[in-house]
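Residues per chain, in single letters:
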Amino acid sequence: MHSSLNAILETLFPFKIEKRPSDSKLMSYLSPLIAISLTLISGWLLFIALGVDPFTALYTFFILPISDFYGWTELGIKVAPLLLCAMGLSLCFKAKIWNIGAEGQFIMGALGGGAMALAFLESESSWVLVPILMAGILSGLAWSAIAALLKTHFKANEILTTIMLNYIALNALLYCVHGPLKDPEGFNFPQSALFGDASLLPLLHDDYRLNISLLFGLLALTAIWTLMSRSWIGYQINVLGEDAAAAKYAGFKEKTLSWFALLTCGALAGLAGVSEATGPVGQLVPQISPGYGYAAIIVVFLGRMHPVGILLASMLLGLTYMGGEMVQMEMTLPKSLTGLFQGMLLFFLLASDLLISYRIIRIKKTAMPSDPTHAVSQG
Amino acid sequence: MKFVKTLFTASALAAAITGCSDTSVEDAPAAAQVAPSDAVKVGFVYVSPTGDAGWTHSHDQARKYVESQLGDKVETTYVESVPEGADAERVIQNMASNGHNLIFTTSFGYMNPTLKVAKKFPNVKFEHASGYKQADNMGSYFARPYQARYLSGLIAGSMTKSDVIGYVAAFPIPEVVRGINAFTKGVQEVNPNAKVKVVWVSTWFDPAKEREAAETLILQNADILTQHTDSAAVIQTAEAKGIYAIGYHSDMSEYGKKAHLTSAVHNWGPLYLEKVKAVMEGNWKKENLWIGIAEGATDLAPISDAVPADVKALVAKKKAALKAGTMRVFDGPVKDQSGAVKVAKDSTMSDGDLSGFNWYVEGVAGKLPKS
C-alpha cells in the first residue's frame, strides 16, 4: 500500500531530495531572493483573492512608503534599533549561543538611560547625553551579564533564561512608569515626564526625526564586521560556533567567548533601547519597544548572519511595518497583511534554506523499484 | 508608432476635458452637489483591531456612523493596531500629510505624538481621546463611562449571592481606578456587605489572560464578573461557568446570552459627527470635552430580563438623576478603604480629582498597586 502510494507520487513528481556533499554557497545567497520572489508571487495572488489590483497593492505596500525622502528617514528610524540588536545577536548566533534576550536588554537600556535622562531633566548642556547613553549601554550589558553568568557558571540554557529575563525587564519598566518614574504632573498616567531637549539625541536634519542612532547602527555594523573577519577573537567565535570540540582542543576559552558575545549584544541592544527612548519617543512609556528585540532575530537569519545581509534584511522588515500602515490608510486593507507578509517571508525562507544543504534531483528510471504492485498501480 | 502617438494625444485630450469639467464644478455655486474629491477627509488611529467588540470597536462604530450620516461628503480612513511607541507619530504624520482634514487619535499613548504632529501641521485639526494636552489645532475629549459603571454596580450589588464580585482590570491608571471605584460605589449603595475583587492583567487586549483572570476570580467565590479590558473573554467565561457578567465598551450581550446583565457602553457617534461638521463648516475650535450620560456619550446597554423590576426601576431613577445633573457618582460622603471620609457630605469630587484618581473607595478588596 505504502510503496504503491510512493510509486504514484514518483510518477507524478519524478524528483527526490538528496543531501549535497557540502553546503552550497550559491544557494545560501539565492535562498533569500527565492523567498522574496515567492512572497511577492503569493502576495500577488492574495491581493487578487482580496479583489484588489495586485500591482497597486504591492506598490502601496513596498514602494509608496519610501517614495520620498521623508519615507526613507522614517525607514531609518526603524532600521537603527533593528540593526543594533541584530548585529549583537549575530555575534551570539555565530558562536551558537542562542540569545533570545535582545528585547529585554533593549528595554533595560531604555529604562536605565531614561532614568538617567530624568535625573538630568533641568540640564541644558548637551554633554548630559554621554552619561545617559552610558547608562543605557551599561543597563543592557548588565542584563545580558545575568544570562552570561547563568550560562557559564550554572550551565543554564540561555534560551530559557533570556526569554524569562525579557519578561522581568518588561515588568521592571511597567513598575517604574507606574511608580517611581511616573510624570508627577501626568495625572497618574503610566509614563515619565518628557525628557529635556538637551537629553534628546541630535537629529540628522531638522525637518525629520531621524537621529544619530542610525550612525550608531552603521558603526556597530562596521565594528562587528571587522571583528568577525579580521580579528583573533572573531576567528575564535567562528570556530566555537562551527565545532565546539575543535575550539576546546585548540585551547579557546569557551566561557570568555560566551561572556564576550553576550555582553557585546547586551551593550548594543541597550544602546538601541536608550536611543529609542531619547530619540523618536522622547520619554519612557510602557510600549517603548514594538518588539525590536524579537524582530532582530528574524533579521539576523534573513540576513544570513552577514553584516550586509543584516542591513538589507532590517530594511526589508522595517518596510513591511510601514507598508502595512500604508495599505490600511490608502486602500483600507486589514492590518493583518503586515503579519502575513512577514510570515510568508519567513516560511519561504525556511523552505528555500533546505536547498542549501539538499538538492532536488530527477529520479532516474533505473532507480525505480521493480515491485509488482508498482506495475499494477502504473497500469 | 503612429498609433501610440494617437493614443497619447487622445488620453491627453481626455485629461484636458476632465480637467475642464473639474474646474466647472469648482466654479459652480456652492449649492451644487459637493464632488467626492471635495469631501472632508477624516482619519482614525486605533490602538487595537477594530473587530474586538471593545474600545476600538466603539470608535469604529462611530466612524461608520459619521459615514452613514454624511455620505459622500466625508471620506474616512483608519489604521488599526498602531503601537503607542515611536510608530504612532509616523502614522499620524502620514495621515496629516496626505490630505486628511481631521484626525482622531483614540488612545492615551498617542497624546505626545499627536501634539508633535499637530505643531507641524497647523491646518489639520486633531482630536485626542483620554489625554490632557491641547494645542490650537488639537482638542481632547473623553466620555464618563464611570457613570454607567456606577449604574451597573447597582445591578451587581443587588444580584450577587456570594457578596463577591470580580473585576478584571488592565492597568492601574486613573481611568480604570475610577471605573472600579464607581462600580464599587454602586455595589455598596445597595449591598454594603458585598466586596469587589480586582485582578490586574497588565494588558488591554489578551483574551487568554483575561479568561485566566476571570477563572481566578470565580475560584475566589465571585458570582458576577465585569472587566475593563477590550475583549469579551470575561463574558464568555461567565457564560461557560453559568454565572453573571457585565460588559464594557460595547453591548456584549451576544457573547453571553444568559450571563450578560448589561454593559457600560460608549457612544462616540454624535460627538464625531459634530466635530466633522464643524471642520466642514470651518468653525472647529479646540475643546477639552468630558461628556457622559447627559450628552449621550456614555450609556447602559439594555438590561437583561434576569434583573428584577425594582432594581431596573432604581437604575432608571439614578440614571435620570445623573442625566439631569441632580446627582454625581462621587457625591459625598465617599470613604476610602480605611474608612476615612475622603469626600465630605454635601460636597463632590472635582473633575481634576477624578482625573488623577489613585485610591480605592471602601468596598474594594486588596491593595491598589502603586509606587
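Residues numbered from 1 in each chain as written. Chains lettered and ligands numbered in written order. Predicted model: local features only at pLDDT ≥ 70, side-chain atom pairs only at ≥ 80, totals over all residues.

### Here's the deal with the overall build of chain A
And then number 1: What chain A contains, in helices and strands, is 15 helices and 2 strands.
And then number 2: The buried share among the 379 residues of chain A stands at 44%.
And then number 3: For chain A, contacts bridging at least 24 residues in sequence account for 78% of all contacts bridging at least 6. (Helix = DSSP H or I, 4+ residues; strand = E, 2+ residues; numbered from the N terminus. Buried ≥ 20, exposed ≤ 12 C-beta atoms within 10 Å, placed from the backbone. Contact = placed C-beta atoms within 7 Å.)

### A word on the overall build of chain B
And then number 1: The helix and strand inventory of chain B stands at 11 helices and 15 strands.
And then number 2: Considering only intrachain contacts with a sequence separation of at least 6, the fraction spanning at least 24 residues in chain B is 64%.

### Here we look at the sheet that holds strand 1 (residues 40–45) of chain B
Residue and element names in this part refer to chain B.
And then number 1: Taken in spatial order, the 6 strands of this open sheet run 2-1-3-4-5-11, and their pairing is parallel. Each edge of the open sheet carries a strand with a single partner, namely strand 2 (74–79) and strand 11 (288–291). Across the sheet, the mean angle from the axis of one strand to that of its neighbour is 20°, orientation sign disregarded. (Pairing = 2+ DSSP bridges. Axes fitted to C-alpha atoms, helices over the stretch in contact; angles between N-to-C directions.)

### With respect to the environment of Ile360(A)
All names here are of chain A.
And then number 1: Within the secondary structure, Ile360 sits in strand 2 (residues 358–362).
And then number 2: For the pair Ile360 and Ala193, spaced 167 residues apart in sequence, the C-alpha separation works out to 59 Å.
And then number 3: Among all residues touching Ile360, those that are not within four sequence positions of it are Phe15 and Ile17.

### Things to note about the interface of chain B and chain A
And then number 1: The interface is formed by 30 residues belonging to chain B together with 26 residues belonging to chain A.
And then number 2: Among the secondary structure elements, those contributing two or more residues to the side of chain B that touches chain A are strand 2 and helix 3 (87–97) of chain B.
And then number 3: It is helix 3 of chain B that provides the largest number of residues to the side of chain B that touches chain A, a total of 6 residues.
And then number 4: In terms of residue class, the side of chain B that touches chain A is built from 13 nonpolar, 11 polar and 6 charged. (Nonpolar A, V, L, I, M, F, W, Y, C, P; charged D, E, K, R; others polar.)

### Side note on unusual backbone geometry
And then number 1: The step from Gly332(B) to Pro333(B) runs through a cis peptide bond, and the omega angle for that step is 0°.
And then number 2: Within the secondary structure, Pro333(B) is located in the loop between helix 10 (309–324) and strand 13 (334–335).
And then number 3: If you check the backbone angles, Lys96(A) has positive phi at about 60° while not being a glycine.
And then number 4: Tracing the chain through its elements places Lys96(A) in the loop between helix 4 (69–94) and helix 5 (102–119).
And then number 5: Take Lys96(A): there are 14 C-beta atoms within 10 Å of it, and that puts it in the partly exposed class.

### Regarding the domain arrangement of chain B
Residues and elements named next belong to chain B.
And then number 1: Domain annotation of chain B identifies domain 1 (36–143) and domain 2 (145–262 + 298–365).
And then number 2: Just the C-alpha atoms count here: the centres of domain 1 and domain 2 sit 29 Å apart.
And then number 3: Residue-level contacts link 10 residues of domain 1 with 12 residues of domain 2.
And then number 4: It is helix 2 (residues 55–70) that contributes the most residues to the side of domain 1 that touches domain 2, 3 residues altogether.
And then number 5: Grouping the amino acids of the side of domain 1 that touches domain 2 by side-chain chemistry returns 4 nonpolar, 5 polar and 1 charged. (Domains from an automatic or database assignment.)

### Quick look at the packing of helix 2 of chain B against helix 9 (residues 269–281) of chain B
Residues and elements named next belong to chain B.
And then number 1: Viewed as axis vectors pointing N to C, helix 2 and helix 9 meet at an angle of 50°, and their least axial separation amounts to 8 Å. Between helix 2 and helix 9, the angle is such that the two are oblique. Judged by the sense of rotation from one axis to the other, the crossing of helix 2 with helix 9 is right-handed. Between helix 2 and helix 9, the residues in contact are Gln61, Ala62, Tyr65, Val66, Gln69 and Leu70 and Gly269, Tyr272, Leu273 and Val276, respectively.
And then number 2: When its residues are assigned to classes, the contact of helix 2 with helix 9 shows 7 nonpolar, 3 polar and no charged. (Parallel < 35°, antiparallel > 145°, perpendicular 65-115°, else oblique. Left-handed = near helix turned anticlockwise from the far one by under 90°.)

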